[in-house]
Amino acid sequence: MFGTYDYRITVLAVVVAILASYTALDLVGRVSAATRSRDAFAWLAAGAVAMGTGIWSMHFVGMLAFELPIEMGYDIHITALSWLMAVLASSVALFLASRAALSRARLLIGAVFMAVSIAGMHYTGMAAMLMEPGIVYDPLWVGISLLIALAASGAALWIAFYLREVSRVRGFAGKAGAAVFMGAAIVGMHYAGMAAAKFPIGSICGAASQLDSVWLATLVGACTILLLGTALTAAALDRRLESHTAQLIYSLSEANSSLRHASRHDPLTNLANRHLLHERVEQALMQWREKKTRFSIAYIDLDGFKVINDQLGHDVGDQLLKRAGAAMTSVVRHGDTVARMGGDEFIVVLQGLSTQEAVARVCEKLLDAIAQVGEGSARLSASIGSATCPRDGTALSDLVTAGDVAMYIAKNKGKNCYQAYESSMATRIAEEYTVQEDLRDAIQDGELVVYYQPKYSTRDRQLTGAEALVRWEHPDKGMIPPDQFIGIAERSGLINDLESWVLDSVCAQIRRWLDMGLEVPPISVNLSAIRIHNEDLPERTQACLDKHGVAASYLMFEITESLAVREILRAVEALKRFSAMGVRVALDDFGTGHSSLSYLRQLPIQQLKIDRSFIKDLGACDGDHVEIVRSIIGLAHALRLRVVAEGVETEQQMAFLDSLDCDEVQGFLMGRPVPAAAFGEVVAQQSGRAGKATLHMLPGA
Ligand SMILES: Nc1nc2c(ncn2[C@@H]2O[C@@H]3COP(=O)(O)O[C@H]4[C@@H](O)[C@H](n5cnc6c(=O)[nH]c(N)nc65)O[C@@H]4COP(=O)(O)O[C@H]3[C@H]2O)c(=O)[nH]1
């Protein structure tokens, strides 16, 4: 008895086989992508049912397409058993293909198991027809069908394993191609199995039913396609969710790395911040402990940066800081770390420099790089102190302190230079710190006093003014001269309080003298370079004058010429405001600084004080100084400035200055600095003898 095939149903069976294969390949990816074992199991179970049903359905629909010239049907229980076998085969396939690795042994065992299950499904399904007499199988075709089942299972497993992680587009094309191949193999196995079956003439089907096989096949096929479609849709949704989650995880890790960068870098310069610097120094220290690799740190402080910032604005200041950071980074090695400590302070960690000379060379390069930043009055310079591990310390804090101390010394040496740390420096710094603390108390406790040194006109020796000079009456150390604490006050910032106190004290004294009816000459007060840039200094000065009811003409400021020219030029605005207030300004210590006479024209000042080092040799056959003093006086007069000679100690010097047409003199010859009461007497005598040319000899201070 020969069977025939309904080709419409056969086509449906092929479609179902291909779709089932595609679903299987798609679900393998879901099983292996699941992060939780519960999800993996759910995908495996659902996938096995969908795929198994697909394969079984192909077989079942294929069977329905087969028609014998007798009434046919299928036993429900045996059919269910064949379905179960297909599901079992699918679960094994999905499980193996979703593993992290697919060894040859595993592939072979899996393929054999699957082939047996699929063949089992097929032949069990055939048995569900309950043919009487039984179906006779051709062993050759059975063998071929088993071989096809084995080859198809092996290929299916291998393809599923390798296609599970390919990209979506390539994945679809790959999976579709593989599905057609696998579908064809399943169909091939089915029809080889069918070819093996011989139905003896007169056979009857024990499970014959009245159901129309076209309708039954359509129903089973449609339900299966629906089931497979549902599984594919669920897999697609899960994949989308997975890619969305992956996107979120990526964004989160991006945000994390930005946060990590921000927490370890300076937002303005993008250099390392303190946090990262600490990490790098700790790493360098570890390397030193393990491999004895030396390293150094360079502590860098920009010179006068606060002034630039105040004068040119914070935006310009920020740009300069950025450029300074970039300039430093450009001259150090890739493995070195340039960090900003805040403000205008930087630390560079220099790796593996074996000698102090090598450290010095890099520090010089850093100085040069910084000096290229900015132009005109905004050109930068820096002071650098270096400390080396293990020579100057083997702990982060020790090295940073040593670098800081050395930098401090470099600053005191006159800025724009480099200094390596030496152990003796620590004592000096400690001493300075003690003086600083004492001075802070001294200002508050009234231990400071102002002395006055008179100034006279050279020609008629009339009192023309006085310079207020501060002294520190230390309860234990006695009288301390200003040279020993002004520098410390400037470096520690105490100069603001100190000079405010001096100004207040001088104005109060002028008021007292005026109240005594004295003709008080202008009193000069020294103004530190640091304070001259204080925006509110003119207002504060005016407030102090107002507080004591003293006219501005009684006051004069002396600013020192040893300031860098650019710093004085930056102070032009402040000086103009003093002029507008009626407070005169003298340029002190002229000749000791940059001695650039050309810039004098730009300064709104009224007086020029020649430094005492030029006066010392006058009259002692020193032609050089005579010529210098002569030209300074000539130039000052051309600029309509009054000239005062400082440090006049001899009559000879006095006569010389007179001959050079110097306007005023100040020095031990005419009077040393004296307390207010003593100077008051000089003023009183001068007032009484007004008009007479008198030279007062005062007791020494
Ligand atoms: N060898 C010699 N020296 C003479 C002669 N005549 C005056 N002197 C000294 O020369 C210094 C003149 O003051 P300076 O150049 O402004 O130099 C001052 C000034 O720069 C600074 N200073 C004093 N008081 C203040 C202050 O209130 N504020 C600031 N910022 N600095 C001050 O301290 C420096 C030193 O002050 P002093 O020790 O009082 O020293 C004074 C004075 O005693 C002389 O004929 N021969």
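From a predicted model like this one, the values you see are computed outputs, not experimental measurements.

Calculation notes
In every chain, residue numbers begin from 1 and rise along the written sequence. Given that the model is predicted, a residue must reach a pLDDT of at least 70 before its local features are reported, and side-chain atom pairs must reach 80 or more before they are shown or counted; all residues, however, enter totals for whole chains, interfaces and linings. Side-chain metrics in this entry use all non-hydrogen atoms of the structure; hydrogen atoms and water are not considered. Using protein atoms alone on a 1 Å grid, points that fit a 1.4 Å probe yet trap it form a cavity, whereas open point sets bounded by protein on both sides within 12 Å along at least five of seven lines form a pocket; residues with an atom within 4 Å of a point count as lining. Grid points are joined across faces, edges and corners, and a volume is the space filled by probe spheres set on the points. The way it works is that DSSP assigns letters per residue, a run of H or I at least four long becomes a helix, a run of E at least two long becomes a strand, and they are numbered from the N terminus. If DSSP finds at least two bridges between two strands, the strands pair. In this analysis, axes come from line fits to C-alpha atoms, helices being fitted only over the stretch in contact, and the angle between any two N-to-C directions falls in the range 0 to 180 degrees. UniProt positions are given in the numbering used here, feature names are shortened, and annotations may be inferred rather than shown by experiment. One fewer than the residue count of a helix, multiplied by 1.5 Å, yields its expected span. A simple rule labels every residue: compare its accessible area, found with a 1.4 Å probe on the protein chains alone, to the largest value its type can have, and call it buried under 20%, exposed over 50%, or partly exposed in between. Residues are labelled near a given molecule or strand when at least one of their non-hydrogen atoms is within 4 Å of it. In protein, a polar contact requires one atom able to donate a hydrogen and another able to accept it; more generally it is a pair of N or O atoms within 3.5 Å, and residues adjacent in sequence count only if both atoms are side-chain atoms. Side-chain classes are defined by residue name, with Ala, Val, Leu, Ile, Met, Phe, Trp, Tyr, Cys and Pro counting as nonpolar, Asp, Glu, Lys and Arg as charged, and the others, Gly among them, as polar. Oblique is the label for every angle not falling under 35 degrees (roughly parallel), over 145 degrees (roughly antiparallel), or within 65 to 115 degrees (roughly perpendicular). By definition, turning the near helix anticlockwise from the far helix through less than a right angle yields a left-handed crossing, and turning it clockwise yields a right-handed one. Here, two residues are considered to be in contact whenever any of their heavy atoms come within 4.5 Å of each other. Think of it this way: a Phe, Tyr or Trp ring, Trp meaning its six-membered ring, pairs with another when their centres are within 6.5 Å, and the plane angle makes it stacked under 30 degrees, edge-to-face over 60, tilted otherwise. Comment: the charge-over-ring label is applied if NZ (Lys) or CZ (Arg) is within 6 Å of the ring centre and within 35 degrees of the ring normal. By definition, pLDDT measures how confident the predictor is in each residue, and it falls between 0 and 100. Any pair of cysteine sulfurs within 2.5 Å is marked as a disulfide.

Colleague: A description of empty space enclosed by the protein should follow, citing residues and the corresponding values.
Modeller: A complete count under the given rule lists one cavity of 30 Å³ or more for this structure. If you add up the space inside the largest cavity, you get close to 190 Å³. When residues of the lining of the largest cavity are traced back to their parent elements, those giving at least two are helix 1 (7-33), helix 2 (37-65), helix 3 (76-97), helix 4 (104-127), helix 5 (139-163) and helix 6 (168-196).

Colleague: A description of the sheet that holds strand 7 (residues 295-302) should follow, citing residues and the corresponding values.
Modeller: Across the sheet, which stays open at both edges, the five strands sit in the order 8-9-7-10-11 with mixed pairing between neighbours. The two strands at the open ends of the sheet, each matched to only one other strand, are strand 8 (337-342) and strand 11 (418-420). With direction set aside, neighbouring strand axes in the sheet form an average angle of 20°. With seven bridges joining them, strand 7 and strand 9 (residues 345-351) adopt antiparallel strand pairing. Looking across to strand 9, one finds that alanine 298 is bridged to valine 348.

Colleague: How would you explain the UniProt feature "transmembrane region" (unreviewed entry) in the protein chain if you had to name every residue and give the values?
Modeller: The UniProt record marks residues 6-28, 40-64, 76-96, 108-128, 140-163, 175-194 and 214-237 with the feature "transmembrane region" (unreviewed entry), using the residue numbering of this structure. Segment residues 140-163 splits into 100% helix and 0% strand. End C-alpha atoms: 34 Å apart. Secondary structure content for residues 175-194 is 100% helix and 0% strand, while the C-alpha to C-alpha distance between its ends is 28 Å.

Colleague: Give a description of helix 15 (residues 495-515) that names residues and reports values.
Modeller: Here helix 15 contains 21 residues, and its C-alpha end-to-end distance of 30 Å stays within 8% of the 30 Å for a straight helix at 1.5 Å per residue. Following helix 15 by one or two positions, glycine 517 adopts a phi angle in the positive range, close to 85°.

Colleague: An account of helix 2 is needed here, citing residue identities and associated values.
Modeller: Under the 1.5 Å per step criterion, the end-to-end length of helix 2 is 41 Å for 29 residues, consistent within 8% with the ideal 42 Å. Burial of helix 2 is extensive: 21 of the 29 residues sit out of reach of the surface.

Colleague: Could you give an account of the site of the ligand, with specific residues and numbers?
Modeller: Around the ligand, the structure places 21 residues, and the nearest of them are Glu467, Arg471, Glu499, Arg612 and Glu649. A distance of 2.5 Å separates a nitrogen atom of the ligand from a polar side-chain atom of glutamate 649. Mapped by element, the contributors of at least two residues to the shell around the ligand are strand 13 (463-474), helix 15 and strand 17 (584-590). Counting residues per element, the shell around the ligand draws most heavily on strand 13, which supplies four residues. Tallied by class, residues from the shell around the ligand come to eight nonpolar, four polar and nine charged.

Colleague: Can you lay out the pairing of strand 17 for me, pointing to particular residues and giving the numbers?
Modeller: Within a regular beta strand, the side chains point alternately toward one face of the sheet and then the other, so they alternate between its two faces. Extensive coverage of strand 17 is indicated by the burial of five of its seven residues. For strand 16 (residues 555-560) and strand 17, the ladder comprises five bridges, and the chain directions are parallel. If you follow threonine 560 over to strand 17, its bridge partner there is aspartate 588. Both strand 17 and strand 18 (residues 607-610) contribute to a ladder of three bridges, which runs parallel. Across the sheet, phenylalanine 590 pairs through a bridge with isoleucine 610, a residue of strand 18.

Colleague: Give me the lowdown on the packing of helix 17 (residues 537-548) against helix 19 (residues 572-581), citing residues and values where you can.
Modeller: Across the interface, helix 17 lies against helix 19 with an axial gap of 9 Å and an inter-helix angle of 30°. Judged on the interaxial angle alone, helix 19 and helix 17 are roughly parallel. Both helix 17 and helix 19 take part in a crossing whose hand is right-handed. Residue-level contacts link Leu537, Pro538, Glu539, Thr541, Gln542 and Leu545 of helix 17 to Arg577, Phe578 and Met581 of helix 19.

Colleague: Lay out the packing of aromatic side chains with the relevant residues and their values.
Modeller: Inspection of every chain in the model, using the stated rule, returns eight aromatic pairs. Where tryptophan 472 meets phenylalanine 485, the ring centres are 5.6 Å apart and the plane angle is 85°; that geometry is what we call edge-to-face. Residue tryptophan 472 is located in strand 13, and its partner phenylalanine 485 is located in the loop between strand 14 (478-480) and helix 14 (486-492); the two are separated by 13 residues in the primary sequence. Taking relative accessible area as the criterion, phenylalanine 485 reaches 0% and is therefore assigned buried. Across from the ring centre of tryptophan 288, 4.4 Å away, lies the NZ or CZ of lysine 292, which sits over that ring.

Colleague: Which residues make up the side chain of serine 386, and what values do they have?
Modeller: Along the chain, serine 386 falls in strand 10 (residues 382-389). Excluding residues that lie within four positions of it along the chain, serine 386 makes contacts with Ile297, Ala298, Val359, Cys363, Asp392, Gly403, Ala406, Tyr418, Gln419, Ala420 and Tyr421.

Colleague: How would you summarise the pairing of strand 15 (residues 523-527) if you had to cite specific residues and measurements?
Modeller: Most of strand 15 sits inside the fold, with four of its five residues counted as buried. With three bridges joining them, strand 13 and strand 15 adopt parallel strand pairing. From the neighbouring strand, glutamate 467 faces strand 15, where its bridge partner is serine 524. The pairing of strand 15 with strand 16 spans five bridges and is classified as parallel. Paired with serine 524 across the strands is methionine 556, a residue of strand 16.

Colleague: Can you lay out the confidence of the model for the protein chain for me, pointing to particular residues and giving the numbers?
Modeller: For the protein chain, the mean per-residue pLDDT works out to 84, and 92% of the residues sit at or above 70. Contacts for the low-pLDDT stretch residues 691-701, under 50 throughout, to residues beyond four places or in other chains number 33 contacts. With pTM at 0.53, the complex prediction returns an ipTM value of 0.95.

Colleague: An account of the state of the cysteines is requested, with residue identities and associated values reported.
Modeller: Taken as a whole, this structure holds zero disulfides when the rule is applied. Cysteine cysteine 544 is unpaired, with the sulfur of cysteine 507 as its nearest cysteine sulfur at 3.8 Å.

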